[in-house]
Amino acid sequence: MTADPARGFHDGELAVQQRAGVAREAARLAGMLGPTRLRPGSTAFLAGLRLAALTARDRAGTLWISVLTGPPGFLDGAGELLRIRAAPAPGDPLSDLGADQPVGIVAIDPKARRRMRVNGTLISARPGSLVVEVGEAYGNCPQYIQERTIGTGPTRRTEHPAPLVGDRLDESATRIVRAADTFFLGTIHPERGADASHRGGPAGFVQVAGGDLAWPDYPGNNMFNSLGNLQVDDTAALAFVDFGTGDTVQLSGRAHVEWADPGPADDDSGTGRRVVFTVSRVVSGGPPLPIRAA
């Protein structure tokens, strides 16, 4: 199976849709994925946000997803360009971000339970400023977005002002992951580029066992952008945020989908699907994000 630009979906997405038995339903949404500009409604939505996540590769080629924050207006989009008045902070694995690469962005308003994906090419990366040439821009359904109000909060001094870098979760990072009701997932396709997505569920929906994390794949819009990328390239990245403290955990590794018949006794998604992520690298314990949520 090859990518079909006329339909919008690539080979991996089509394969997952077919296996999940939703190819006909998904085909109705294919037009959303064509090349597009940021329309006035999208521009207005982005302008009111404080929170987004960015998927990209670091200088060594490792895929990461980083959380970006700023006051309303920090996401400034119009036409073919999205200007971001923020960038990954020092110590973040994407702090030395190189331009001329595919990137994926998910921008989210948890209070209104709305989110939007913007995928394209990073054409400029400067301290505190990024510019993305838009290739795709489309909204997602409100499912599994945990309602919370994002505000600013004081950064606090920590015992580890520099991030902890390793190849496994320590006790503090494990606590954040196990308590999370939200995280961000970064994936990539060799031709279609990078993607950033949101995952949500009840606190504890992400399981940690040894060097693996796993979570159920809940029913969604049947597009399977993330799982379709993983079908072709199992490279993946995760980012968790403790919204009470601003602390973050970023992971890079590999992920795959485990399939079973829908509805077995141990299936809490009703789909028979779960994603298993194997950790390769961890960055945690650095300066917290200047946001808090209620």
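Residues numbered from 1 in each chain as written. Predicted model: local features only at pLDDT ≥ 70, side-chain atom pairs only at ≥ 80, totals over all residues. Heavy atoms only, no water.

The next thing to look at is the overall build of the protein. When its secondary structure is counted, the protein shows five helices and 17 strands. Its C-alpha atoms give the protein a radius of gyration of 18 Å, within 12% of the compact-globule value 19 Å for 294 residues. Projecting the C-alpha coordinates of the protein onto the three principal axes gives extents of approximately 50 × 45 × 35 Å. The buried share of the protein, reckoned over its 294 residues, is 52%. Taking the contacts inside the protein whose residues are at least 6 apart along the sequence as the reference set, 68% of them involve residues at least 24 apart. A total of about 13,100 Å² of accessible surface is found on the protein, and carbon and sulfur atoms cover 49% of it. The centroid of the 30 positive side-chain charges in the protein is displaced by 5 Å from the centroid of its 32 negative side-chain charges. (Helix = DSSP H or I, 4+ residues; strand = E, 2+ residues; numbered from the N terminus. Rg over C-alpha atoms; globule rule 2.2 N^0.38 Å. Buried < 20%, exposed > 50% of the residue type's maximum accessible area, 1.4 Å probe, protein only. Contact = heavy atoms within 4.5 Å. Areas by Shrake-Rupley, 256 points an atom, 1.4 Å probe, with all protein chains shown as cover. Lys, Arg positive; Asp, Glu negative; His and termini not counted. Charge placed at Lys NZ, Arg CZ, Asp CG, Glu CD.)

One pass over the full model with this rule turns up five aromatic pairs. Among the aromatic residues, those joined into a cluster by ring pairs are Y144, F183, F205, W215, Y218 and F240. (Phe/Tyr/Trp six-rings, centres within 6.5 Å; stacked < 30°, edge-to-face > 60°.)

Right, let's talk about the environment of R83 for a bit. Counting through the fold element by element, R83 comes out in strand β4 (residues 81–84). Considering only alpha carbons, one finds R83 and L251, 168 residues apart in sequence, at a separation of 26 Å.

Turning next to the packing of helix α1 (residues 11–20) against helix α5 (residues 225–232). Between α1 and α5, whose axes approach to 7 Å, the crossing angle comes to 110 degrees. As summarised for this structure, α1 and α5 are arranged roughly perpendicular, according to the angle between their axes. Along the contact surface, α1 presents D11, G12, E13, A15 and V16, while α5 presents N225, L227, G228, Q231 and V232. Residue composition of the contact of α1 with α5, by class: four nonpolar, four polar and two charged. (Axes fitted to C-alpha atoms, helices over the stretch in contact; angles between N-to-C directions. Parallel < 35°, antiparallel > 145°, perpendicular 65-115°, else oblique. Nonpolar A, V, L, I, M, F, W, Y, C, P; charged D, E, K, R; others polar.)

What follows deals with the pattern of salt bridges. In total, this model carries eleven salt bridges according to the counting rule given. Salt-bridge contacts for R117 lead to D195; the nearest nitrogen and oxygen are separated by 2.9 Å. Here D195 lies in strand β11 (residues 193–200) and R117 lies in strand β6 (residues 114–126), a separation of 78 residues in the sequence. With respect to burial, R117 and D195 carry one shared label: buried. Between R168 and D167 there is a salt bridge; the shortest N-O distance is 3.5 Å. R168 sits in the exposed class, given a relative accessible area of 64%. (Salt bridge = Lys/Arg side-chain N within 4 Å of Asp/Glu carboxyl O.)

Moving on, we come to helix α4 (residues 171–179). Every buried residue belonging to α4 is among A173, T174, I176 and V177, and all of these are buried. Buried positions in α4, seen along its axis, are confined to an arc of 160 degrees and lie on one side of it. Turned more than 90 degrees from where α4 packs its buried face, E171, R175 and A179 sit exposed. In this structure, the buried residues of α4 make contact with β12 (207–209), β13 (212–216), β14 (235–241), β15 (248–259) and β16 (273–284). Of the residues that open α4, the one with a side-chain oxygen 3.3 Å from the backbone nitrogen of S172 is D170. (Arc of directions from axis to C-beta. Polar contact = N/O pair within 3.5 Å; in protein donor to acceptor, adjacent residues only side chain to side chain.)

On to the pairing of β15. Across a regular strand the side chains alternate sides, sitting on one face of the sheet and then on the other. Here β14 runs beside β15; their pairing, made up of seven bridges, is antiparallel. Across the sheet, A237 pairs through a bridge with S252, a residue of β15. Where β14 folds back onto β15 in an antiparallel hairpin, the turn is made up of six residues, including G246, whose phi is positive at roughly 85 degrees. Relative to β16, β15 is paired through eleven bridges, and the arrangement is antiparallel. Looking at the pairing, S252 lines up with R281 of β16. (Pairing = 2+ DSSP bridges.)

Another point: the pairing of strand β10 (residues 182–189). By the criterion of burial, β10 is predominantly enclosed, with eight of the eight residues buried. Burial of the side chains of β10 extends over both faces: T182, F184, G186 and I188 are buried on one face and F183, L185, T187 and H189 on the other. As paired elements, β10 and β11 share eight bridges and run antiparallel to each other. Paired with G186 across the strands is A196, a residue of β11. Here β10 folds back onto β11, and the loop between the two strands holds three residues. Two elements, β10 and β14, share five bridges in a ladder whose sense is antiparallel. Bridge assignment links L185 to a residue of β14, and that residue is L238.

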